[in-house]
Amino acid sequence: MFERSLTADQRHAQAWQAFGVMEMWAGNFRTAKTLFECGLKNSPTHGALWQAYGTLESWKGNISEARLLFAAGIQKCPNHVPLYQGWACLELRSGDVITAKRLIGEALTKDKRNGSGWLVAAKIEENMGNVGLVGLILRRGIECAPGDVELYRALAEHEINRGKIDSARELLEKGIEINPLYAPLYHSLAELEARVFNIEGLARLNKRTAEMFPSDAMAPALPPYTEKRMQAWGTKIRHGRSAKIPDGVAALAEKIGVEYTDTANNMSSIVGGSLEDVDPETLLNSMCGFGNEGGDGLMMFQDAPDLGR
(Lines give C-alpha, C1' and ligand atoms only; values in the text may rest on other atoms or scores of the structure.)
Protein backbone atom coordinates (compact mmCIF):
# COMPACT_ATOMS: atom_id res chain seq x y z
CA MET A 1 0.00 0.00 0.00
CA PHE A 2 2.81 2.41 0.89
CA GLU A 3 4.65 1.62 -2.36
CA ARG A 4 1.50 2.33 -4.38
CA SER A 5 0.95 5.59 -2.54
CA LEU A 6 4.52 6.75 -3.12
CA THR A 7 4.54 5.64 -6.74
CA ALA A 8 1.49 7.84 -7.26
CA ASP A 9 2.82 10.78 -5.21
CA GLN A 10 6.53 10.97 -4.37
CA ARG A 11 5.98 14.11 -2.30
CA HIS A 12 3.70 12.35 0.18
CA ALA A 13 5.97 13.00 3.18
CA GLN A 14 3.71 11.24 5.68
CA ALA A 15 3.80 8.06 3.58
CA TRP A 16 7.62 8.06 3.46
CA GLN A 17 7.76 8.59 7.21
CA ALA A 18 5.15 5.97 8.11
CA PHE A 19 6.64 3.41 5.71
CA GLY A 20 10.12 4.01 7.12
CA VAL A 21 8.95 3.76 10.73
CA MET A 22 7.18 0.48 9.97
CA GLU A 23 10.40 -0.96 8.52
CA MET A 24 12.40 0.45 11.43
CA TRP A 25 10.19 -1.29 13.98
CA ALA A 26 10.51 -4.52 11.97
CA GLY A 27 14.29 -4.21 12.27
CA ASN A 28 14.85 -3.54 8.58
CA PHE A 29 17.14 -0.59 9.26
CA ARG A 30 18.68 -0.36 5.81
CA THR A 31 15.27 -0.18 4.14
CA ALA A 32 14.09 2.38 6.69
CA LYS A 33 17.18 4.52 6.09
CA THR A 34 16.57 4.47 2.32
CA LEU A 35 12.91 5.46 2.80
CA PHE A 36 13.77 8.35 5.11
CA GLU A 37 16.41 9.64 2.69
CA CYS A 38 13.98 9.42 -0.23
CA GLY A 39 11.37 11.27 1.78
CA LEU A 40 13.77 14.02 2.81
CA LYS A 41 15.00 14.50 -0.72
CA ASN A 42 11.41 15.16 -1.79
CA SER A 43 10.18 16.92 1.37
CA PRO A 44 13.14 18.46 3.23
CA THR A 45 10.88 20.58 5.46
CA HIS A 46 8.90 17.67 6.94
CA GLY A 47 10.01 17.59 10.56
CA ALA A 48 8.71 14.09 11.35
CA LEU A 49 11.01 12.61 8.69
CA TRP A 50 14.07 14.22 10.27
CA GLN A 51 12.96 13.03 13.68
CA ALA A 52 12.41 9.45 12.51
CA TYR A 53 15.75 9.32 10.69
CA GLY A 54 17.56 10.73 13.73
CA THR A 55 15.84 8.17 15.95
CA LEU A 56 16.91 5.37 13.60
CA GLU A 57 20.56 6.39 13.78
CA SER A 58 20.25 6.68 17.55
CA TRP A 59 18.90 3.12 17.73
CA LYS A 60 21.85 1.95 15.66
CA GLY A 61 24.26 3.63 18.07
CA ASN A 62 25.38 6.25 15.54
CA ILE A 63 25.18 9.14 17.98
CA SER A 64 27.08 11.69 15.88
CA GLU A 65 24.90 11.00 12.84
CA ALA A 66 21.73 11.19 14.93
CA ARG A 67 22.82 14.47 16.48
CA LEU A 68 23.53 15.92 13.04
CA LEU A 69 20.13 14.82 11.73
CA PHE A 70 18.27 16.39 14.65
CA ALA A 71 20.25 19.61 14.24
CA ALA A 72 19.74 19.74 10.47
CA GLY A 73 16.06 19.01 10.96
CA ILE A 74 15.70 21.91 13.36
CA GLN A 75 17.42 24.19 10.86
CA LYS A 76 14.90 23.16 8.19
CA CYS A 77 11.88 22.93 10.53
CA PRO A 78 12.55 25.22 13.52
CA ASN A 79 8.99 24.93 14.84
CA HIS A 80 8.82 21.13 14.88
CA VAL A 81 8.99 20.67 18.65
CA PRO A 82 9.45 16.85 18.65
CA LEU A 83 12.87 17.36 17.03
CA TYR A 84 14.07 19.29 20.08
CA GLN A 85 12.60 16.60 22.33
CA GLY A 86 14.23 13.80 20.33
CA TRP A 87 17.62 15.49 20.45
CA ALA A 88 17.21 16.21 24.17
CA CYS A 89 16.47 12.52 24.84
CA LEU A 90 19.53 11.55 22.81
CA GLU A 91 21.76 13.80 24.91
CA LEU A 92 20.11 12.61 28.12
CA ARG A 93 20.86 8.99 27.26
CA SER A 94 24.41 10.02 26.36
CA GLY A 95 24.85 11.64 29.77
CA ASP A 96 24.97 15.26 28.57
CA VAL A 97 22.23 16.62 30.82
CA ILE A 98 23.25 20.24 30.25
CA THR A 99 22.65 20.08 26.51
CA ALA A 100 19.48 18.05 27.07
CA LYS A 101 18.23 20.73 29.44
CA ARG A 102 18.93 23.51 26.97
CA LEU A 103 17.11 21.69 24.19
CA ILE A 104 14.02 20.83 26.21
CA GLY A 105 13.91 24.40 27.47
CA GLU A 106 13.73 25.59 23.88
CA ALA A 107 11.04 23.00 23.10
CA LEU A 108 8.88 24.22 25.98
CA THR A 109 9.45 27.84 25.02
CA LYS A 110 8.06 27.03 21.57
CA ASP A 111 5.11 24.99 22.84
CA LYS A 112 4.41 24.79 26.55
CA ARG A 113 1.25 22.76 25.90
CA ASN A 114 3.19 19.71 24.72
CA GLY A 115 2.95 17.33 27.67
CA SER A 116 5.81 15.06 26.64
CA GLY A 117 8.20 18.00 26.84
CA TRP A 118 7.42 18.44 30.53
CA LEU A 119 7.98 14.72 31.10
CA VAL A 120 11.42 14.95 29.49
CA ALA A 121 12.23 18.09 31.51
CA ALA A 122 11.30 16.31 34.73
CA LYS A 123 13.44 13.30 33.82
CA ILE A 124 16.42 15.56 33.16
CA GLU A 125 16.12 17.19 36.57
CA GLU A 126 15.73 13.77 38.19
CA ASN A 127 18.94 12.60 36.53
CA MET A 128 20.68 15.74 37.76
CA GLY A 129 19.57 15.00 41.31
CA ASN A 130 17.26 18.02 41.49
CA VAL A 131 14.41 16.09 43.13
CA GLY A 132 12.72 19.23 44.36
CA LEU A 133 12.34 20.55 40.82
CA VAL A 134 10.79 17.36 39.47
CA GLY A 135 7.47 17.88 41.20
CA LEU A 136 7.39 21.58 40.32
CA ILE A 137 7.99 20.82 36.65
CA LEU A 138 5.33 18.12 36.49
CA ARG A 139 2.77 20.39 38.20
CA ARG A 140 3.62 23.17 35.75
CA GLY A 141 3.18 20.64 32.97
CA ILE A 142 -0.30 19.76 34.21
CA GLU A 143 -1.17 23.47 34.27
CA CYS A 144 -0.04 23.88 30.66
CA ALA A 145 -1.20 20.50 29.30
CA PRO A 146 -4.08 19.41 31.54
CA GLY A 147 -5.25 16.79 29.06
CA ASP A 148 -2.01 14.80 29.07
CA VAL A 149 -2.79 12.11 31.64
CA GLU A 150 0.73 10.69 31.60
CA LEU A 151 1.73 13.84 33.52
CA TYR A 152 -0.69 12.89 36.31
CA ARG A 153 0.77 9.39 36.40
CA ALA A 154 4.35 10.70 36.54
CA LEU A 155 3.54 13.17 39.31
CA ALA A 156 1.71 10.46 41.23
CA GLU A 157 4.83 8.28 41.11
CA HIS A 158 6.85 11.23 42.36
CA GLU A 159 4.42 11.72 45.25
CA ILE A 160 4.55 8.02 46.12
CA ASN A 161 8.33 8.23 46.37
CA ARG A 162 7.86 11.09 48.82
CA GLY A 163 5.40 9.04 50.88
CA LYS A 164 2.40 11.20 49.90
CA ILE A 165 -0.04 8.39 49.16
CA ASP A 166 -3.26 10.43 49.36
CA SER A 167 -1.90 13.04 46.96
CA ALA A 168 -0.80 10.31 44.54
CA ARG A 169 -4.23 8.65 44.70
CA GLU A 170 -5.96 11.96 43.94
CA LEU A 171 -3.70 12.52 40.93
CA LEU A 172 -4.37 9.06 39.51
CA GLU A 173 -8.10 9.43 40.05
CA LYS A 174 -8.01 12.80 38.30
CA GLY A 175 -6.16 11.27 35.38
CA ILE A 176 -8.75 8.50 35.10
CA GLU A 177 -11.51 11.11 35.21
CA ILE A 178 -9.89 12.92 32.28
CA ASN A 179 -9.18 9.80 30.24
CA PRO A 180 -10.99 6.73 31.61
CA LEU A 181 -9.62 4.54 28.81
CA TYR A 182 -5.94 5.05 29.66
CA ALA A 183 -5.16 1.65 31.18
CA PRO A 184 -1.73 2.50 32.72
CA LEU A 185 -3.48 4.79 35.21
CA TYR A 186 -5.48 1.83 36.55
CA HIS A 187 -2.28 -0.22 36.80
CA SER A 188 -0.56 2.52 38.79
CA LEU A 189 -3.55 2.97 41.07
CA ALA A 190 -3.75 -0.79 41.68
CA GLU A 191 -0.05 -0.87 42.60
CA LEU A 192 -0.59 2.05 44.99
CA GLU A 193 -3.52 0.37 46.74
CA ALA A 194 -1.61 -2.92 46.98
CA ARG A 195 1.36 -1.09 48.48
CA VAL A 196 -0.76 0.23 51.34
CA PHE A 197 -2.76 -3.02 51.67
CA ASN A 198 -6.02 -1.28 50.78
CA ILE A 199 -8.02 -4.43 49.99
CA GLU A 200 -11.34 -2.60 49.73
CA GLY A 201 -9.83 -0.06 47.38
CA LEU A 202 -8.44 -2.83 45.21
CA ALA A 203 -11.84 -4.53 45.07
CA ARG A 204 -13.55 -1.29 44.01
CA LEU A 205 -10.87 -0.64 41.40
CA ASN A 206 -11.20 -4.18 40.07
CA LYS A 207 -14.93 -3.67 39.64
CA ARG A 208 -14.43 -0.35 37.84
CA THR A 209 -11.79 -1.86 35.59
CA ALA A 210 -14.03 -4.81 34.69
CA GLU A 211 -16.81 -2.39 33.73
CA MET A 212 -14.49 -0.20 31.68
CA PHE A 213 -12.53 -3.00 30.02
CA PRO A 214 -14.86 -6.00 29.52
CA SER A 215 -13.08 -9.32 29.39
CA ASP A 216 -13.10 -11.41 26.22
CA ALA A 217 -12.51 -14.57 28.18
CA MET A 218 -15.85 -16.01 27.07
CA ALA A 219 -15.24 -15.24 23.41
CA PRO A 220 -14.60 -18.28 21.20
CA ALA A 221 -10.97 -19.04 20.49
CA LEU A 222 -9.57 -18.27 17.07
CA PRO A 223 -9.59 -21.18 14.65
CA PRO A 224 -6.30 -23.11 14.82
CA TYR A 225 -5.38 -22.19 11.27
CA THR A 226 -5.78 -18.49 12.13
CA GLU A 227 -3.58 -18.82 15.20
CA LYS A 228 -0.96 -20.60 13.13
CA ARG A 229 -1.05 -17.82 10.54
CA MET A 230 -0.63 -15.18 13.25
CA GLN A 231 2.27 -17.09 14.80
CA ALA A 232 3.89 -17.47 11.41
CA TRP A 233 3.49 -13.75 10.75
CA GLY A 234 5.05 -12.92 14.11
CA THR A 235 7.98 -15.19 13.36
CA LYS A 236 8.38 -13.55 9.97
CA ILE A 237 8.52 -10.11 11.58
CA ARG A 238 11.07 -11.23 14.19
CA HIS A 239 13.32 -13.13 11.85
CA GLY A 240 12.68 -11.38 8.57
CA ARG A 241 15.14 -8.58 9.22
CA SER A 242 16.85 -8.40 5.88
CA ALA A 243 19.70 -6.26 4.70
CA LYS A 244 18.32 -6.50 1.18
CA ILE A 245 16.28 -3.56 -0.03
CA PRO A 246 12.89 -4.72 -1.38
CA ASP A 247 12.58 -4.35 -5.15
CA GLY A 248 9.75 -1.82 -4.85
CA VAL A 249 11.73 0.42 -2.50
CA ALA A 250 14.82 0.08 -4.68
CA ALA A 251 12.81 1.17 -7.73
CA LEU A 252 11.51 4.22 -5.86
CA ALA A 253 15.02 5.14 -4.71
CA GLU A 254 16.41 4.86 -8.24
CA LYS A 255 13.60 7.01 -9.58
CA ILE A 256 14.28 9.71 -6.97
CA GLY A 257 18.06 9.50 -7.25
CA VAL A 258 18.93 8.11 -3.82
CA GLU A 259 21.71 5.53 -3.68
CA TYR A 260 20.96 2.38 -1.72
CA THR A 261 24.07 0.24 -2.17
CA ASP A 262 26.14 -1.02 0.77
CA THR A 263 28.63 1.80 0.27
CA ALA A 264 26.05 4.51 -0.32
CA ASN A 265 26.40 7.61 1.83
CA ASN A 266 23.64 10.14 1.23
CA MET A 267 24.10 11.96 4.54
CA SER A 268 25.97 14.94 3.10
CA SER A 269 23.40 15.61 0.39
CA ILE A 270 20.53 15.16 2.82
CA VAL A 271 21.75 17.49 5.59
CA GLY A 272 23.67 19.85 3.33
CA GLY A 273 27.05 19.13 4.92
CA SER A 274 29.21 16.42 6.41
CA LEU A 275 29.86 15.43 9.98
CA GLU A 276 33.29 17.02 9.76
CA ASP A 277 31.82 20.33 8.59
CA VAL A 278 29.36 20.75 11.46
CA ASP A 279 30.02 21.59 15.10
CA PRO A 280 26.92 20.48 17.05
CA GLU A 281 27.64 22.97 19.83
CA THR A 282 27.75 25.85 17.36
CA LEU A 283 24.54 24.62 15.77
CA LEU A 284 22.90 24.35 19.17
CA ASN A 285 23.87 27.87 20.17
CA SER A 286 22.83 29.38 16.85
CA MET A 287 19.48 27.60 16.66
CA CYS A 288 18.44 27.85 20.28
CA GLY A 289 20.13 31.13 21.08
CA PHE A 290 21.71 29.83 24.26
CA GLY A 291 24.70 31.47 25.80
CA ASN A 292 25.06 30.01 29.28
CA GLU A 293 26.19 26.50 30.03
CA GLY A 294 23.95 25.38 32.82
CA GLY A 295 20.97 27.69 33.02
CA ASP A 296 19.21 28.26 36.31
CA GLY A 297 17.05 25.15 36.16
CA LEU A 298 13.87 27.21 35.98
CA MET A 299 13.82 28.35 32.37
CA MET A 300 10.85 26.12 31.57
CA PHE A 301 8.75 28.02 34.11
CA GLN A 302 8.92 31.21 32.09
CA ASP A 303 5.78 32.11 30.22
CA ALA A 304 5.86 31.07 26.61
CA PRO A 305 3.65 32.42 23.81
CA ASP A 306 0.59 30.32 23.07
CA LEU A 307 0.74 28.73 19.65
CA GLY A 308 -2.34 28.32 17.55
CA ARG A 309 -3.15 24.74 16.57
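Cut-offs and rules
- Residues numbered from 1 in each chain as written.
- Predicted model: local features only at pLDDT ≥ 70, side-chain atom pairs only at ≥ 80, totals over all residues.
- Heavy atoms only, no water.
- Helix = DSSP H or I, 4+ residues; strand = E, 2+ residues; numbered from the N terminus.
- Buried < 20%, exposed > 50% of the residue type's maximum accessible area, 1.4 Å probe, protein only.
- Contact = heavy atoms within 4.5 Å.
- Areas by Shrake-Rupley, 256 points an atom, 1.4 Å probe, with all protein chains shown as cover.
- Expected span 1.5 Å × (residues − 1).
- Salt bridge = Lys/Arg side-chain N within 4 Å of Asp/Glu carboxyl O.
- Core = buried A, V, L, I, M, F, W, Y, C linked by side-chain atoms within 4.5 Å.
- Arc of directions from axis to C-beta.
- Polar contact = N/O pair within 3.5 Å; in protein donor to acceptor, adjacent residues only side chain to side chain.
- Phe/Tyr/Trp six-rings, centres within 6.5 Å; stacked < 30°, edge-to-face > 60°.
- Axes fitted to C-alpha atoms, helices over the stretch in contact; angles between N-to-C directions.
- Parallel < 35°, antiparallel > 145°, perpendicular 65-115°, else oblique.
- Left-handed = near helix turned anticlockwise from the far one by under 90°.

1. Brief notes about the overall build of the chain
Logical step 1: On a plain count of helices and strands, the chain comes out with 17 helices and 0 strands.
Logical step 2: When each of the 309 residues of the chain is scored for burial, the buried share is 43%.
Logical step 3: Taking the contacts inside the chain whose residues are at least 6 apart along the sequence as the reference set, 59% of them involve residues at least 24 apart.
Logical step 4: In the form shown here, the chain has an accessible surface area of approximately 16500 Å², with 53% of it arising from carbon and sulfur atoms.

2. Description of helix H9 (residues 131–144)
Logical step 1: The end-to-end C-alpha separation of H9 is 21 Å, in line with the 20 Å expected for 14 residues at 1.5 Å each.
Logical step 2: Listing the buried residues of H9 in full gives Leu 133, Val 134, Gly 135, Ile 137, Leu 138, Arg 140, Gly 141, Ile 142 and Cys 144.

3. Examining the pattern of salt bridges
Logical step 1: Scanning the model with the defined rule gives 15 salt bridges in all.
Logical step 2: We note a salt bridge from Lys 174 to Glu 177, for which the minimum N-O separation is 3.8 Å. Linking Lys 174 with Glu 177, this pair stays in helix H11 (residues 165–178), spanning 3 residues, or about one helical turn.
Logical step 3: Residue Lys 174 is classed as partly exposed on the basis of its relative accessible area, which comes to 37%.
Logical step 4: Taken together, the salt bridges that share partners define one network made up of Lys 33, Glu 37, Glu 57 and Lys 60.

4. Details of the nonpolar core
Logical step 1: Judged by nonpolar contacts, the single largest core of 72 residues is most densely connected at Trp 16, Phe 36, Trp 50, Trp 87, Ile 104 and Ile 124.
Logical step 2: Counting residues per element, this core draws most heavily on helix H6 (residues 81–94), at 7 residues.

5. Focus on H11
Logical step 1: Helix length check: H11 (14 residues) gives 20 Å between terminal C-alpha atoms against 20 Å at 1.5 Å per residue, within 8%.
Logical step 2: Buried within H11 are the following residues: Ala 168, Leu 171, Leu 172, Gly 175 and Ile 176. Relative to the axis of H11, the buried residues are bounded by an arc of 135° and lie together on one face. Exposed positions of H11 whose direction lies more than 90 degrees from the buried face are Asp 166, Glu 170 and Glu 177.
Logical step 3: Residues of H11 that are buried sit in contact with H9, helix H10 (149–161), helix H12 (183–195) and helix H13 (199–212).

6. Topic: the environment of Glu 23
Logical step 1: Along the chain, the position of Glu 23 falls in helix H2 (residues 13–25).
Logical step 2: Owing to a relative accessible area of 11%, Glu 23 belongs among the buried residues under this scheme.
Logical step 3: A C-alpha to C-alpha distance of 9.0 Å links Glu 23 and Lys 33, two positions 10 residues apart in sequence.
Logical step 4: Other than its neighbours up to four places away in sequence, Glu 23 contacts Asn 28, Thr 31, Ala 32 and Leu 35.
Logical step 5: A distance of 2.8 Å separates polar atoms of two side chains, one belonging to Glu 23 and the other to Asn 28.

7. Examining unusual backbone geometry
Logical step 1: Despite not being glycine, Phe 197 has its phi angle at roughly 55°, a positive value.
Logical step 2: On the secondary structure map, Phe 197 appears in the loop between H12 and H13.
Logical step 3: Judged by relative accessible area, which is 69%, Phe 197 ranks as exposed.

8. Some details on the packing of aromatic side chains
Logical step 1: Counting across every chain of the model gives 5 aromatic pairs.
Logical step 2: Consider the rings of Phe 36 and Tyr 53, whose centres lie 6.1 Å apart with planes at 35°: the pair is tilted. You can see Phe 36 sitting in helix H3 (residues 29–42) and its partner Tyr 53 sitting in helix H4 (residues 47–59), a full 17 residues away along the chain.
Logical step 3: When its relative accessible area of 0% is taken as the criterion, Phe 36 is described as buried.
Logical step 4: Residue classification places Tyr 53 among the buried positions, given a relative accessible area of 0%.
Logical step 5: Their ring planes at 90° and their centres at 5.4 Å tell us that Tyr 186 and Phe 213 sit as a pair that is edge-to-face. Residue Tyr 186 is located in helix H12, and its partner Phe 213 is located in the loop between H13 and helix H14 (224–239); the two are separated by 27 residues in the primary sequence.
Logical step 6: An aromatic cluster of at least three residues, connected via ring pairs, comprises Trp 25, Phe 29 and Trp 59.

9. Structural notes on the packing of helix H7 (residues 97–110) against helix H8 (residues 115–127)
Between two packed helices, the angle of one axis relative to the other and the distance separating the axes together describe the packing.
Logical step 1: Where H7 contacts H8, the axes come no closer than 10 Å and their chain directions differ by 155°. Taken together, the axes of H7 and H8 are roughly antiparallel relative to one another. Between H7 and H8 lies a crossing of left-handed hand. In this structure, H7 contributes Val 97, Ala 100, Lys 101, Ile 104 and Leu 108 to the contact, and H8 contributes Gly 117, Trp 118, Val 120, Ala 121, Ile 124, Glu 125 and Asn 127.

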